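# Topology and contacts: notes
Residues per chain, in single letters:
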Amino acid sequence: MSSLFSNLPPESADKHIREAENEFIPPNKRLKTEVAAPLDAQVKTAQLTGKDPVATALIKITSHIGSSKKFTKASELLRQLILEHKIGQEHSKLVFEALKASLREPSSAEDPQLRREYLKLFTLASKAADMFTAREKSQLDVYGIWSVTRNQLHTDDSFTFNRTIKSIKESISHLPDATEEEEEALQTIKARLPEEPQLPELDSSGCNDCEPPEADPFGLDALITQDKRKIKLMKPSTWSSKEILGMKREALLDCFDTMKACYGRPWARTSVDLAIEDLNEHREKFCSSQQARIQDMMQFVQQQRLRRKQGVAAASRESQRDTTAFENARKEWGRATISARGKVGAGGDHQSETWLG
């Protein structure tokens, strides 16, 4: 499966963003494009005045986007900033933190009311992936599995469903064999996840006219006038390469949990069975703590197959119990092979010779 963020052609980013703009933003709400001057991407800390309202808005969005009740509104605002080209290279760290905050709980991306918004947000962010570093892209690829790939399994289109399963199987085939160091890294990142993301600090000590947070929950109404507010950008915490591999394995296994939830659709059962069997064949690519999940999935497939066989046998016995003797005889006659010339001629029983003379 081609990665959502890592393998995007750079030259196509602007084209896709312009196409997405026509889809999401009404014409009467489009603002003029303002491209900010890029800053050094290696700067870890900086002091910005309120003359950069985009940075202030991103911090406010990051603080609210992790809430399921506020996610839809915050995600719309973040997508609007991306579509209107308001975000420059100097905002890449803040955008990365906002995307991290949206998936503080990966299971929230599977909420039926939020699936579509998560899919739109990360699909659009992937089209502006040039602003991120290689390490950030690799981490965002993991988030893309949770927010895009897994949600594509929630479909009534068998073609889309099978195509998504194929991409998941390809991703598994490209994984390296798991090592003990990667298992330790996986446990480390799982223990650290509740503490992420680290939000940038917003210093309001010099702003006496600022409204209380509850009056403007997203802080977007008076951004232009906040010329005394200072923003301290903190270094974003990215995962190590081993942690990224471990969490990618976790995200792929979460996709298989979603496949199991789709097992009630008759047309999806065979594809799910084959995908789980393929997963079991590549189980050496997963960490030791993940082996139990794979074993449970194989047992699930075996139990479902046994139930289907038992169901067919029970239905057959039930149908035979309610049939009459004539219906049973007719079924036997239907299976019999009788010649149209049976018992006539040299091979007959000569009973016709009496009346033929």
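Described below are features of the structure shown in this document. Every value quoted in this text rests on a predicted model; they were computed, and no experiment measured them. (Residues numbered from 1 in each chain as written. Predicted model: local features only at pLDDT ≥ 70, side-chain atom pairs only at ≥ 80, totals over all residues. Heavy atoms only, no water.)

## Focus on the nonpolar core
Just so we agree on the cut-off: The term nonpolar core refers to a set of buried residues drawn from Ala, Val, Leu, Ile, Met, Phe, Trp, Tyr and Cys, joined through side-chain atoms within 4.5 Å. Exposure is judged per residue with a 1.4 Å probe applied to protein chains only, and the accessible area is read against the type maximum: over 50% gives exposed, under 20% gives buried, and values in between give partly exposed. Secondary structure elements follow DSSP: runs of H or I no shorter than four residues count as helices, runs of E no shorter than two count as strands, and numbering proceeds from the N terminus. Contacts are assigned to residue pairs that have any heavy atoms within 4.5 Å of one another.
Membership of the largest hydrophobic core comes to 71 residues, with the highest contact counts inside it found for Leu78, Ile87, Leu99, Phe122, Phe132 and Phe256. Among the elements that line this core, the one with the most residues is helix α9 (residues 241–261), at 8 residues. When neighbours within four sequence positions are excluded, phenylalanine 256 is seen to be in contact with Ile168, Ile172, Ala275, Ile276, Leu279 and Met297.

## A short note on the pattern of salt bridges
Note the following rule: Here a salt bridge means any side-chain nitrogen of Lys or Arg lying within 4 Å of a carboxyl oxygen belonging to Asp or Glu.
Applying the stated criterion to the full structure yields 15 salt bridges. Put simply, glutamate 182 and arginine 249 hold a salt bridge, and the shortest N to O gap is 3.0 Å. Linking glutamate 182 in helix α8 (residues 180–192) with arginine 249 in helix α9, this pair joins segments that are 67 residues apart in sequence. Like arginine 249, glutamate 182 is buried. A salt bridge links arginine 308 to aspartate 273; the nearest nitrogen and oxygen atoms lie 3.1 Å apart. On the criterion of sequence distance, the pair formed by arginine 308 in helix α11 (residues 291–321) and aspartate 273 in helix α10 (residues 266–281) is long-range, its members being 35 residues apart. On the basis of relative accessible area, arginine 308 is assigned to the partly exposed category, the value being 31%. One connected set of salt bridges, linked through shared partners, spans Lys190, Glu250, Asp254, Asp257 and Arg293.

## Remarks on unusual backbone geometry
In this structure, histidine 85 is a non-glycine residue whose phi angle is positive, near 60°. Here histidine 85 lies in the loop between α3 (71–83) and α4 (92–102).

## What about helix α6 (residues 134–152)?
Residue pairs three or four apart in sequence face the same way in an α-helix, which turns once every 3.6 residues. Convention followed: A helix's residues, less one, multiplied by 1.5 Å, set its expected span. To get the bend at a residue, fit one axis to the 7 residues ending there and another to the 7 starting there, then take the angle between the axes.
The first and last C-alpha atoms of α6 sit 25 Å apart over 19 residues, in line with the 27 Å expected at 1.5 Å per residue. When the local axis directions of α6 are compared, the greatest deviation, roughly 40°, occurs at glycine 144. Summarising burial for α6: 15 of the 19 residues are buried, a large majority.

## What about the environment of glutamate 182?
On the basis of relative accessible area, glutamate 182 is assigned to the buried category, the value being 8%. Sequence separation of glutamate 182 and lysine 242 is 60 residues, and the distance between their C-alpha atoms is 5.3 Å. When neighbours within four sequence positions are excluded, glutamate 182 is seen to be in contact with Asp177, Lys242, Leu245, Arg249 and Cys287.

## Regarding the environment of serine 158
Note on placement: serine 158 falls in helix α7 (residues 158–173). Under the relative-accessibility criterion, serine 158 is labelled partly exposed at 35%. Along the chain, serine 158 and serine 271 lie 113 residues apart, while their C-alpha atoms are 9.7 Å from each other.

## Here's the deal with helix α5 (residues 115–126)
With 12 residues, α5 ought to run about 16 Å at 1.5 Å a step, and its terminal C-alpha atoms sit 17 Å apart, in line with that. Among the residues of α5, Glu117, Tyr118, Lys120, Leu121, Phe122, Leu124, Ala125 and Ser126 are the ones counted as buried.

## Details of the packing of α6 against α9
Note the threshold: All axes here are fitted lines through C-alpha atoms, helices being fitted over the stretch that makes contact, and every angle between N-to-C directions spans 0 to 180 degrees. By definition in this entry, angles of less than 35 degrees are roughly parallel, angles greater than 145 are roughly antiparallel, angles of 65 to 115 are roughly perpendicular, and the rest are oblique. Three classes are used, and their members are as follows: Ala, Val, Leu, Ile, Met, Phe, Trp, Tyr, Cys and Pro are nonpolar, Asp, Glu, Lys and Arg are charged, and the others, Gly among them, are polar.
Running from N to C, α6 and α9 cross one another at 5°; their axes reach a closest spacing of 9 Å. The angle between the axes of α6 and α9 places the two elements in the roughly parallel class. Across the interface between the two elements, Arg135, Ser138, Gln139, Val142, Ile145, Trp146, Thr149 and Arg150 from α6 touch Ser241, Ile244, Met247, Lys248, Ala251, Leu252, Asp254, Cys255 and Thr258 from α9. Broken down by class, the residue content of the contact of α6 with α9 amounts to 8 nonpolar, 5 polar and 4 charged.

## Notes on the packing of aromatic side chains
Aromatic rings considered in pairs are described by the distance between their centres and by the relative angle of their planes. Using the following cut-off: Here a pair means two rings of Phe, Tyr or Trp (six-membered ring of Trp) with centres within 6.5 Å. Their orientation is stacked below 30 degrees between planes, edge-to-face above 60, and tilted elsewhere.
Across all of its chains, the model carries 6 aromatic pairs by this definition. Aromatic pair phenylalanine 71 and tyrosine 118: ring centres 4.0 Å apart, planes at 15°, arrangement stacked. In this pair, phenylalanine 71 is assigned in helix α3 and tyrosine 118 in helix α5, connecting sequence segments 47 residues apart. Where phenylalanine 161 meets tryptophan 267, the ring centres are 5.5 Å apart and the plane angle is 90°; that geometry is what we call edge-to-face. A residue pair is termed long-range when its members are at least 10 positions apart, and phenylalanine 161 in helix α7 and tryptophan 267 in helix α10 qualify at 106 residues. The class of phenylalanine 161 is buried, set by a relative accessible area of 0%.

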